[in-house]
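Chain and residue survey
Okay, here's what each chain looks like letter by letter:
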Amino acid sequence: MHWAIIPIILSNIATNGSDPILAIALGSVWAASGAGLGVLFKTKNAQLKEIAASGLIPGLLSGVTEPIIYGIFFRYKRSFAYAIAMSAISGVIAGVLQVKATQLAGGIFTIPTFNPIWGYALSAAVAFFGTAALHWIFGFGEEPELASGKAEQKGSSEEDFKTTNVDTVITSPVAGAVVPVKDINDSVFSSEAMGATVAVDPSSNVVKAPFSGKVVKVFPTLHAIGLLSDGGVEVLIHIGLDTVNLNGEGFTSHVKDNQKVTAGQDLISFDVEQIKAKGYDPVVLIIVTNQNEQQHLKKYAVSNEQVTAGNKLLEINNK
């Protein structure tokens, strides 16, 4: 939603030399980073610590919070609520102190570009440390479905669905050409901050299950889907860059949350040409979000290689 206010911020800076909106809006970035810090020190789950740390660093350095959004907020509603509350307080402080920005960027290194500096530093500290403190004092909820590689379903027995500690093969969900990760036009994905990533420029229009397992989350805008394999591996399939802005236009889901799926089953259909016509990159991203140090990951995909749905992309073996 921040894209809606960026033109206003740019206009303010261009015409007045400064802008009062950005300092208020960035409270959410500091709060998200604080959530990463809070989870990092509160959780005892090694995998979740890795997710929190990988989200905390880009949040602090550049204001990039997608790893926190995908890795923590989508799993822990209480954590999201903490961040909302503290970012609101931070915004009030920045507004009352009339903090203004002279450029459009976030992160710890941009603090000197706000005026007054102490006012912005205070609002940022409240959001960051306040959110972290709430996590530490009150906790952030029960372990989510993905946190430890174990799936829990209300009303379902262990026999209905349970993960096993076995090796997992991840196949391509679409046909197309493998894109070098460094060439992905998004710093969050190209840096693999969310986990090991393979990108495919699709030539087909249906995302298929890359393994047998369970659908954890179909995103409301249908541009992404979270999966959990029978071997306990979490995978996020993200269709296109910034395609969340399409609000589901051109996407059709064939599955629902908590549904069991088999390898090769249709998950989401999408209109490649429509995505391109709207000005978005249709690249399909396959991201392993919970690999831990006890596992060895091997990539089989080679840059520019043509793959079909079902071709092996990744293999995760327990050491």
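Scope of this entry: the structure provided in the associated data block. Remember, it's a predicted structure, so these values are computed and weren't measured experimentally. Within every chain, residues take consecutive numbers counted from 1 along the sequence as written. Thresholds applied to this predicted model are a pLDDT of at least 70 for local features of residues and 80 or more for the giving and counting of side-chain atom pairs; totals over whole chains, interfaces and linings are not thresholded and use all residues. Excluding hydrogens and water, the side-chain values take into account all heavy atoms of the structure.

1. So, the packing of aromatic side chains
- Aromatic rings from Phe, Tyr and Trp, with only the six-membered ring used for Trp, were paired whenever their centres fell within 6.5 Å, and each pair was classed as stacked if the ring planes differed by under 30 degrees, edge-to-face if by over 60, and tilted otherwise. Going through the model one piece at a time under the given rule, you end up with eight aromatic pairs.
- Ring geometry for Tyr76 against Phe140: centres 4.8 Å apart, planes inclined by 80°, an arrangement best described as edge-to-face. With Tyr76 in the loop between helix 5 (66-73) and helix 6 (77-96) and Phe140 in the loop between helix 7 (117-138) and strand 3 (168-171), this pair connects stretches of sequence that are 64 residues apart.
- Judged by its relative accessible area of 2%, Tyr76 falls in the buried class.
- Here the aromatic residues Trp30, Phe114 and Tyr120 are joined through ring pairs into a cluster of three or more.
- By the criterion adopted, a ring carries a charge over it if an Arg CZ or a Lys NZ lies within 6 Å of its centre and within 35 degrees of its normal. Residue placement shows Lys42 over the ring face of Trp136; its charged tip is 5.2 Å from the ring centre. Helix numbering and strand numbering both begin at the N terminus, where a helix is a DSSP run of H or I of at least 4 residues and a strand a DSSP run of E of at least 2. Residue burial is assigned from relative accessible area. The probe radius is 1.4 Å, only protein chains are included, and a residue is buried under 20% of its type maximum, exposed over 50%, and partly exposed in between.

2. Some remarks on the pattern of salt bridges
- Any carboxyl oxygen of Asp or Glu that lies within 4 Å of a side-chain nitrogen of Lys or Arg is treated as forming a salt bridge with it. Enumeration over the complete set of coordinates arrives at seven salt bridges.
- Across the pair Asp183 and Lys182 runs a salt bridge, and its minimum N-O distance is 3.3 Å.
- Lys182 gets classed as exposed once you look at its relative accessible area, which sits at 67%.
- Between Lys299 and Glu192 there is a salt bridge; the shortest N-O distance is 3.0 Å. With Lys299 in strand 14 (residues 295-299) and Glu192 in the loop between helix 8 (187-190) and strand 5 (197-202), this pair connects stretches of sequence that are 107 residues apart.
- Glu192 gets classed as partly exposed once you look at its relative accessible area, which sits at 30%.

3. Here's the deal with the nonpolar core
- For our purposes a nonpolar core is just a set of buried Ala, Val, Leu, Ile, Met, Phe, Trp, Tyr and Cys residues, chained together by side-chain atoms within 4.5 Å. Counting 35 residues, the largest nonpolar core has Ile170, Ile225, Leu267, Phe270 and Val288 as the members making the most contacts within it.
- Elements supplying a minimum of two residues to this core: strand 5, strand 7 (213-218), strand 8 (224-229), strand 9 (234-239), strand 12 (266-270), helix 9 (272-277), strand 13 (284-288) and strand 16 (312-318).
- Between two residues, a contact is recorded if the distance between any of their heavy atoms is within 4.5 Å. Beyond its immediate stretch of four places on either side in the chain, Leu267 contacts Val207, Lys208, Ala209, Pro210, Ile225, Leu227, Ile237, Thr252, Ser253, His254, Val255 and Val261.

4. Some remarks on the sheet that holds strand 9
- Any two strands with at least two DSSP-identified bridges between them are counted as paired. Here we have eight strands laid out as an open sheet, ordered 11-7-8-9-13-5-4-15, and antiparallel in their pairing. Each end of this open sheet is capped by a strand with a single partner; those strands are strand 11 (260-261) and strand 15 (306-307).
- Direction of pairing for strand 7 relative to strand 11: antiparallel, over a ladder of two bridges. Following the sheet pairing, Lys214 is matched in strand 11 by Lys260.

5. Brief notes about the environment of Val29
- Relative to the elements of secondary structure, Val29 occurs in helix 3 (residues 27-42).
- The spatial distance from the C-alpha of Val29 to the C-alpha of Ala85 is 13 Å, given a sequence separation of 56 residues.
- Discounting chain neighbours no more than four positions away, the residues touching Val29 are Gly59, Gly63 and Thr65.

6. Points about the pairing of strand 4 (residues 176-179)
- Judged from the four bridges that link them, strand 4 and strand 5 form a sheet pairing that is antiparallel. If you follow Ala177 over to strand 5, its bridge partner there is Asp201.
- Alignment of strand 4 against strand 15, held across two bridges, turns out to be antiparallel. By the bridge assignment for strand 15, Gly176 is matched with Val307.

7. Points about helix 1 (residues 6-16)
- Three or more residues of helix 1 are buried, namely Ile6, Ile9, Asn12 and Ile13. Taken down its axis, helix 1 places every buried residue within 125° of arc, on the same side. Opposite the buried face of helix 1, by more than 90 degrees, sit the exposed residues Ala14 and Thr15.
- Packed against the buried residues of helix 1 are helix 2 (21-25) and strand 1 (100-101).
- Directly after helix 1, the chain includes Gly17, whose backbone phi takes a positive value near 85°. Picture the helix axis, draw a direction to every C-beta atom, and the arc is the one those directions span.

8. Section: a nonpolar patch on the surface
- Where nonpolar side chains cluster on the molecular surface, the patch consists of Phe41, Trp136, Ile137 and Phe138 and spans about 520 Å² of accessible area.
- Considering each element in turn, the nonpolar patch owes the most residues, three residues, to helix 7.
- Within the secondary structure layout, Phe41 lies in helix 3.
- Its relative accessible area of 56% is what places Phe41 among the exposed residues. Within this analysis, patches are made of residues with over 30% relative accessible area and no salt bridge. Like charges are joined at 9 Å or less; nonpolar side chains (Val, Leu, Ile, Met, Phe, Trp, Tyr) at 5 Å or less. Note that accessible areas follow from Shrake-Rupley with a 1.4 Å probe, and for residues the cover is restricted to the protein chains shown.

9. As for the environment of Leu227
- With respect to the element layout, Leu227 can be found in strand 8.
- With a relative accessible area of 1%, Leu227 lands in the buried category.
- Spatially, the C-alpha atoms of Leu227 and Pro210 are 9.1 Å apart, while their sequence positions differ by 17 residues.
- When near neighbours in sequence (up to four residues on either side) are disregarded, Leu227 contacts Pro210, Phe211, Lys214, Val215, Val216, Val233, Glu234, Val235, Ile237 and Leu267.

10. A closer look at the environment of Pro220
- Structurally, Pro220 is set in the loop between strand 7 and strand 8.
- Assessed through its relative accessible area of 73%, Pro220 is described here as exposed.
- As for Pro220 and Ile316, which are separated by 96 residues in sequence, their C-alpha atoms are 29 Å apart.

The values reported here are purely geometric and, on their own, carry no functional implication.
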